[in-house]
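# Structural overview
Given next are the chains, with one letter for each unit.
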Amino acid sequence: MSLLSIEQVTRNFGGLTAVSNVSLKIEKNELVGLIGPNGAGKTTLFNVLTGVYTPSSGRVMFNNGDKEIELSKLPPYKITRKGVARTFQNIRLFKELSVLDNVKIAMNHEAKYGLFGALLRIGHFYKSEAYIDEKARAFLKEVNLDELADTKAKNLPYGKQRQLEIARALATGAKLLFLDEPAAGMNPQETHALTGFIKEIKEKMNLTIVLIEHDMSLVMEICERIFVLDYGKLIASGSPEEIKNNPKVIEAYLGDEVEV
Amino acid sequence: MKNYLNKRNLITFALLLVIFFVVQFLIKEKIITSYMRSNLYWIGIYIMLGLSLNMIIGITGQLSLGHAGFMSIGAFSAAVALKSDPTLSGLFIGIGIGILISLIVSFIVAVPTLRLKGDYLAIATLGVSEIIRIVLNNLSITGGASGISNIKMLMSWPLLYVFVVLTILLTHNFKNSAVGRACISIKEDEIAAEAMGINTTYYKVIAFMFGAAIAAVAGALFSTTYYIVKPDSFGVSTSINILILVVFGGMGSLSGTIIATFLIGLVNIVLQPYAELRMIMYALVLIVVMIFRPQGLFGSQELSLKLLPNFKQNWFKRKEKSS
């Protein structure tokens, strides 16, 4: 069984079909790229996969080893708890909070106390808080952000903000990660560092990663398989080499050949 | 149990006792006059209101303009209870009923309205408090438009102190927990919070109901302090007065709300002799503060010793940034 099966997913906005009848499968431990020209429907597909939009038709199945779950029926927060997390095209950190608190919020499901436990500090409150604090700090160490733990997220340099957003998504305990243009707005050095970071966490934490990206050097370097969307339709899939030479892809990016 | 007995909690507890007995002594020696005492009650009740609204606006980021409505629920519950049983136990029964009704009403209100954002939520909550006011205006048990008068005065410094300290403790614990972190993440970025596995609707409703329940308690204390409650004292202007405390002190800062309430209470005392002029001066003070500290006295930070060494630096740095 594939980890994630997208089965004939369509999403309409009024008369516009942003994603049209897309079917694809993603296997465990893959690093998959999703590319396509602007407005091809990549982010819409991500939003369908993570529950922000419900598909107009079709379904998304997630197989975590033991049983199959239909993700397209769940709200975003439940999808996250099933082990699927994402980052955003425009960074959405909790800007006024410290790096540590950003990660702690992602680990909120670890808190083994409810409202009354919190108000009266009874039950597992102290134990749970100590555990979360320890776990969050250990996690930051693992993703090389421990020195910045007390810095406010908004004061981080741009590259570090991107890195924190990926780390925060991971801190939810996710095994399947959707990265929406992680290298957007980065200079070549930052992109290089990010590429290394994505490779590193994938190996270290046994992740499956799907990423949208316009930076082809990054896509071609790290993706094992690439899907190409154009006008909401899946027009090609395959290894980076196959995609580079696929006439349909070249046409989508550069346009049709013209007789002169 | 051993978790409670850390150094910090013990120092806090000792400090609370000292404050209590000092003020008790000052009242006994008549250094705090009865006029000042009634101002003290005002400050205490408004600290409770400000803190509870801060849970909704400052922590969770949901702009509610209907706080006086929940206050009036508590006030009338206590007034009715005190009419049939003018003792402390009557007051506590009234507080209990007030909390219960307030929780039910806030739940019914929260579920549909908290789907709205920003201005729309503000208008919806404003409407709710008006509905509560008009219902109270037409109920015979609450005395209609003239309200209930000659309520037994049971307010005293120990009673006030216990409730204010309890409110500070509960709101502080709320803020500094996984529940509080979830609420703060909603204020910071709702979409990201949802993507982090936070059930945003659940936490918004929880924060709203928590704030409404404390407001009901404050309302109950209000009714036993001022002898008389009528629906008109819980209109929009009261909601705005509470909102001012939160904005003035800093959204999300509990110590900010407390200090802002003290300052405004003091301004009220100082300006008392000027009658009409008072409201103009009061407005001027607020305008000046908002020009120089638009994020409120404390921003979202808490008063702590950590702030002191670079306090001056921070003060000006933050001012520059926000402008």
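Residues numbered from 1 in each chain as written. Chains lettered and ligands numbered in written order. Predicted model: local features only at pLDDT ≥ 70, side-chain atom pairs only at ≥ 80, totals over all residues.

Turning to the interface of chain B and chain A, a few remarks are in order. Taken together, the contact pairs 23 residues of chain B with 26 residues of chain A. Put simply, the parts of the chain that give the side of chain B that touches chain A at least two residues each are α6 (157–175), α7 (178–188) and α8 (190–195) of chain B. By residue number, the principal contributor to the side of chain B that touches chain A is α7 of chain B, which donates seven residues. A class-by-class count of the residues in the side of chain B that touches chain A yields twelve nonpolar, seven polar and four charged. (Contact = placed C-beta atoms within 7 Å. Helix = DSSP H or I, 4+ residues; strand = E, 2+ residues; numbered from the N terminus. Nonpolar A, V, L, I, M, F, W, Y, C, P; charged D, E, K, R; others polar.)

Before going further, it helps to examine the pairing of strand β2 (residues 16–26) of chain A. Residue and element names in this part refer to chain A. As judged from the seven bridges shared by strand β1 (residues 4–13) and β2, these two strands associate in the antiparallel manner. Directly across from R11, in β2, lies its bridge partner V19. Taking the residues between adjacent antiparallel strands as the criterion, β1 and β2 are bridged by two residues, where G14 takes a positive phi near 60°. (Pairing = 2+ DSSP bridges.)

Residues and elements named next belong to chain B. In the Ramachandran plot, K30 falls in the positive-phi region, its phi being about 60° despite a non-glycine side chain. Counting through the fold element by element, K30 comes out in the loop between α1 (7–28) and α2 (34–59). For K30, a count of 9 C-beta atoms within 10 Å translates into the label exposed. At N150, a residue that is not glycine, the phi angle is positive and equals roughly 55°. By secondary structure assignment, the location of N150 is in the loop between α5 (118–138) and α6. Under the C-beta neighbour-count criterion, N150 is labelled exposed, with 11 such atoms within 10 Å. (Buried ≥ 20, exposed ≤ 12 C-beta atoms within 10 Å, placed from the backbone.)

Moving on to the domain arrangement of chain B. If you check the domain split of chain B, you get domain 1 (1–32) and domain 2 (41–322). Computed from C-alpha atoms alone, the centre-to-centre distance between domain 1 of chain B and domain 2 of chain B is 24 Å. (Domains from an automatic or database assignment.)

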